[in-house]
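Observations on the model geometry
So the chains spell out like this:
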Amino acid sequence: MIVRAYVGRGARLWLLTRLAVGIVALFGQLNPLDVSTRSSFGFVVLTTLACAAETTRRRELVLLGNLGVSHAQLAAFFALPAIAGESLLRIALSAFVQ
Amino acid sequence: MSLVLAAECVTKSFRERRVLSSASLRAVTGQLRVVFGRNGEGKSTLIKIAAGRIAADSGAVHFDGHAYLTPRFHQLAERGLFYLPDHDLFSSAFTVRRQLEMIGRQFDGGLIEAAVERMGVRDHLDRPPHKLSGGELRRVELAAVIVRRPRCLLADEPFRGVAPADAERLADAFRQIASTGVAVVVTGHEVPTLLEAADHVTWCTSGTTYELGPPSSAVRDEAFQRGYLGPYLHSIAR
C-alpha cells in the first residue's frame, strides 16, 4: 500500500518532469524526447529530487519513518518509476525508428 | 514494569549553542511519563534524539534491549516505537482511512474501526487530515497509535492547539494507552492536566534533566516550583 502510493507519486512526477522539460526543449529547438544515457540519468535524478521535495513539503517523513520506511527505500520508490519510464521510452523510440 | 527506551547522557549543540549538556529520557512499560520544561530548554531535541530523528553529539539510546550510538528512526519504528511530532503527523495527500490502513497493514496492527470508535473520530475517516480541527487531528493521531500497537510512544507537545475539554480527553486516551502496557512519554505545558495523568515527571532545564518522581513529589520540589511551575501553583493546589 505504501509502495503503491509512493511509486504512484514517482510515476506522476516523472511524467510531469518529462513533459515540462520536453516543452522547454521544443522552444529551444532541441529534441524533446532525448533518451541518451546522460539525459535519462538526469531525469531519474530530477524526478527523485522532485519527489523528495514534495514529500518534505507535505511533512510526510515522520509518517514514513513511523511506518519503518528508510530514506533509501523512499528514494528507491521514487526512482523506480522514472527508471522504468526511461527504459520504456527508449525501447519505444528505438522500435519507432526501426 | 521494564525499561523500554532510555536515552542516556545525551549532548547536543546547534552551531555554537549547546541545547543539551547531559540529558536523559526513559520510557517504562505501562507508565505515562511527562517531560516539562520551558520553551527552548531542549525537550523536543531530547525526544527527537530518543526517537532517532536527529543525531546526538554524544550519548546512547537503548531501545528494546539494543544499544544504539546512532539510532535510526525507521529502525526503532520497526522495533515498536511510535513518534508523534510537534507538527501534524498525517499527510494532506491521503485520507485518514488510507493512512490508518497503511499503518495497520505495515505492522499487522489493530482494527481501524475499533480505534476510531474509541477516539470518537469515525466521521472523519474519509476526510483529508487538513480539513480537521486541531483537536480532531490529535484524536486521529491517537487512533493511529492504537492501530499501530507500539511498545513505546513518544509524543512531542500533543496538546498544542487543543481546547481544555479536548485536552482532558486526550490525557485520558494517553492514560488508557499506557494502561495497555505501552511506555508513553509526553511533553507539554498543560501542567494541571498532565500532572493529573502522569505517573512520573521529568524536568528538562539548562541542558539537563531531573527525574522528579511521581507528580505528588514533583510539585513539592522547590527548584521545580521556582524554575518552572511558578504561576501554575495555584491551579495545582486547587
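Please refer to the structure higher up on the page.
The numbering scheme is per chain: residues are counted from 1 as the chain's sequence reads. Chains and ligands are labelled by the order in which they are written, letters from A for the one and numbers from 1 for the other. For a predicted model such as this one, the threshold for reporting local features is a pLDDT of at least 70, and the threshold for listing and counting side-chain atom pairs is 80 or more; totals across whole chains, interfaces and linings nevertheless cover every residue.

Comments concerning the overall build of chain A
Counting secondary structure elements, chain A contains 4 helices and 0 strands. For the purposes of this entry, the term helix denotes a DSSP run of H or I that reaches at least four residues, the term strand denotes a run of E that reaches at least two, and both are numbered from the N terminus. Scanning chain A from its N terminus toward the C terminus, one meets helices and strands in the order α-α-α-α. Each principal axis of the C-alpha distribution contributes one length, and for chain A these read about 50 × 25 × 20 Å. Neighbour density around each residue's C-beta defines its exposure: 20 or more other C-beta atoms within 10 Å make it buried, 12 or fewer make it exposed, and counts between make it partly exposed, where C-beta atoms are placed from the backbone. The 98 residues of chain A split such that 30% are buried. Partitioning the intrachain contacts of chain A with sequence separation of at least 6 by distance along the chain shows that 88% fall at a separation of at least 24. Contact between residues is assigned whenever the C-beta positions, reconstructed from backbone atoms, fall within 7 Å.

Let's talk about the interface of chain A and chain B
At the junction of the two partners, chain A supplies 14 residues and chain B supplies 22 residues. Of all the secondary structure elements, the ones that give two or more residues to the side of chain A that touches chain B are helix 1 (2–27) and helix 3 (61–66) of chain A. Of all the elements, helix 3 of chain A adds the most residues to the side of chain A that touches chain B, at 4 residues.

Points about the packing of helix 2 (residues 37–57) of chain A against helix 4 (residues 71–97) of chain A
Residues and elements named next belong to chain A. Only the stretch in contact is used when fitting a helix axis, every axis being a line fitted to C-alpha atoms; angles between N-to-C directions are given from 0 to 180 degrees. Here helix 2 crosses helix 4 at 145°, and the two axes come no closer than 9 Å. Helix 4 is crossed by helix 2, and the crossing has right-handed handedness. Contact residues: Ser40, Phe43, Val44, Thr47, Thr48, Cys51 and Ala52 in helix 2; Ala75, Phe78, Ala79, Ala82, Ile83 and Glu86 in helix 4. Broken down by class, the residue content of the contact of helix 2 with helix 4 amounts to 9 nonpolar, 3 polar and 1 charged. In this scheme, a crossing is called left-handed if the near helix is turned counterclockwise away from the far one by less than a right angle; it is called right-handed if the turn is clockwise. Amino acid classes used here: Ala, Val, Leu, Ile, Met, Phe, Trp, Tyr, Cys and Pro are nonpolar; Asp, Glu, Lys and Arg are charged; the rest, including Gly, are polar.

Some remarks on the pairing of strand 4 (residues 58–63) of chain B
Residue and element names in this part refer to chain B. Covered by surrounding structure in strand 4 are Gly59, Val61 and Phe63 only, the residues Ser58, Ala60 and His62 on the alternate face being uncovered. Should DSSP find at least two bridges between two strands, the strands are taken to pair. As paired elements, strand 4 and strand 5 (residues 66–68) share 3 bridges and run antiparallel to each other. Considered in strand 5, the bridge of His62 is made with Ala67. The loop that links strand 4 with its antiparallel partner strand 5 comprises 2 residues; one of these, Asp64, has a positive phi angle of about 55°.

With respect to the pairing of strand 1 (residues 3–14) of chain B
All names here are of chain B. Of the strand pairs in this sheet, strand 1 and strand 2 (residues 17–28) are connected by 8 bridges, and their pairing is antiparallel. Paired with Phe14 across the bridge in strand 2 is Arg17. Between strand 1 and strand 2, which follow one another and run antiparallel, lie 2 residues, and Arg15 among them has a positive phi close to 55°. Judged from the 5 bridges that link them, strand 1 and strand 4 form a sheet pairing that is antiparallel. Looking across to strand 4, one finds that Ala6 is bridged to His62.

Considerations on the environment of His200 of chain B
All names here are of chain B. Tracing the sequence through the fold places His200 in strand 9 (residues 200–205). As a C-alpha pair, His200 and Ser216 span 16 residues in sequence and 9.3 Å in three-dimensional space. Excluding anything up to four places from it in sequence, His200 contacts Gln31, Arg33, Gly213 and Pro214.

Description of unusual backbone geometry
Residues other than glycine predominantly adopt negative phi, and peptide bonds predominantly adopt the trans conformation. Residues and elements named next belong to chain B. Phi is positive for Cys9, close to 50°, though the residue is something other than glycine. Tracing the backbone shows Cys9 in strand 1. Of note in this structure, Asp64 is not a glycine but carries a positive phi near 55°. Tracing the chain through its elements places Asp64 in the loop between strand 4 and strand 5. Take Asp64: there are 14 C-beta atoms within 10 Å of it, and that puts it in the partly exposed class.

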